[in-house]
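Report on the structure
One-letter residues, chain by chain:
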Amino acid sequence: MGDEALARALGLALTGQELKLRSPRALAGELAGLGYGPDALRALRAERQERREPWPYPVPLEVRRALGFARFDSALAESRRVLGLTGLTPSAPARRPLNPDERRLVQDRPPHW
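In short, a report on the structure. (Residues numbered from 1 in each chain as written. Predicted model: local features only at pLDDT ≥ 70, side-chain atom pairs only at ≥ 80, totals over all residues. Heavy atoms only, no water.)

**A short note on the pattern of salt bridges**
This structure, assessed with the given rule, holds 9 salt bridges. Between arginine 71 and aspartate 3 there is a salt bridge; the shortest N-O distance is 3.2 Å. Linking arginine 71 in helix H5 (residues 69–83) with aspartate 3 in helix H1 (residues 3–15), this pair joins segments that are 68 residues apart in sequence. When its relative accessible area of 30% is taken as the criterion, arginine 71 is described as partly exposed. Residue glutamate 78 pairs with arginine 81 through a salt bridge whose shortest N-O separation is 2.6 Å. Here the residue glutamate 78 and the residue arginine 81 both occupy positions in helix H5, the gap between them amounting to 3 residues, near one helical turn. Via salt bridges that share partners, Glu47, Arg48, Arg51 and Glu53 belong to a single interconnected network. (Salt bridge = Lys/Arg side-chain N within 4 Å of Asp/Glu carboxyl O. Helix = DSSP H or I, 4+ residues; strand = E, 2+ residues; numbered from the N terminus. Buried < 20%, exposed > 50% of the residue type's maximum accessible area, 1.4 Å probe, protein only.)

Here's what the structure looks like:
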């Protein structure tokens, strides 16, 4: 399978839609032209994760097999990196005073200190 099939599989994984995409290298621009810019994809990902649904969307096994599993996975990882979708933003820690047990743990030092 060629670049067009790979681009379509990546589009399916990122959007859940069968889109007419042509090139994995131009994927970000093509997706943005179809209304799936980075912000829209981040919102879609957050919505899916909040509903405890998978994201990236599942791509059929036959499609991944035909493309080559490693080729598809590496292209998806690269696409996510380019689009800024590599991970979630960590939550901020709570701002509160430490309780006595936490203070004891913070002050605890290994014997060689």
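**So, the nonpolar core**
One finds Leu10, Leu14, Leu31 and Phe72 to be the most contacted residues of the largest nonpolar core, which totals 22 residues. Those elements that place two or more of their residues in this core are H1, helix H2 (27–33), helix H3 (38–50) and H5. (Core = buried A, V, L, I, M, F, W, Y, C linked by side-chain atoms within 4.5 Å.)

**Considering H5**
The end-to-end C-alpha distance of H5 is 21 Å, a good match for the 21 Å that 15 residues give at a rise of 1.5 Å each. Within H5, burial applies to Phe72, Ala75, Leu76, Ser79 and Leu83. Summarising the axial view, the buried residues of H5 lie within an arc of 100°, below the 170-degree limit, and thus occupy one face. Residues Ala70 and Arg81 are exposed on H5 and point more than 90 degrees away from its buried face. Packing partners of the buried residues in H5 comprise H1, H2, H3 and helix H4 (61–67). (Expected span 1.5 Å × (residues − 1). Arc of directions from axis to C-beta. Contact = heavy atoms within 4.5 Å.)

**Quick look at the environment of tyrosine 36**
On the secondary structure map, tyrosine 36 appears in the loop between H2 and H3. For the pair formed by tyrosine 36 and glycine 2, sequence separation is 34 residues and the distance between their alpha carbons is 23 Å. Contact partners of tyrosine 36, with chain neighbours within four places excluded, come to Thr15, Gln17, Leu19, Leu31 and Leu41.

**Details of the side chain of arginine 48**
Along the chain, arginine 48 turns up in helix H3. Not counting the four nearest positions on each side in its chain, arginine 48 is found in contact with Glu53, Pro54, Trp55 and Tyr57.

**Some points on unusual backbone geometry**
Here the residue pair tryptophan 55 and proline 56 is connected by a cis peptide bond, since its omega of 0° sits within 30 degrees of zero. Unlike most non-glycine residues, arginine 52 shows phi in positive territory, near 60°. Along the polypeptide, arginine 52 turns up in the loop between H3 and H4. Owing to a relative accessible area of 77%, arginine 52 belongs among the exposed residues under this scheme.

**Concerning the packing of aromatic side chains**
Scanning all chains against the criterion turns up 0 aromatic pairs. The residue whose ring lies beneath arginine 45 is tryptophan 55, and the NZ or CZ to ring-centre distance is 5.9 Å. (Phe/Tyr/Trp six-rings, centres within 6.5 Å; stacked < 30°, edge-to-face > 60°. Lys NZ or Arg CZ within 6 Å of the ring centre and 35° of its normal.)

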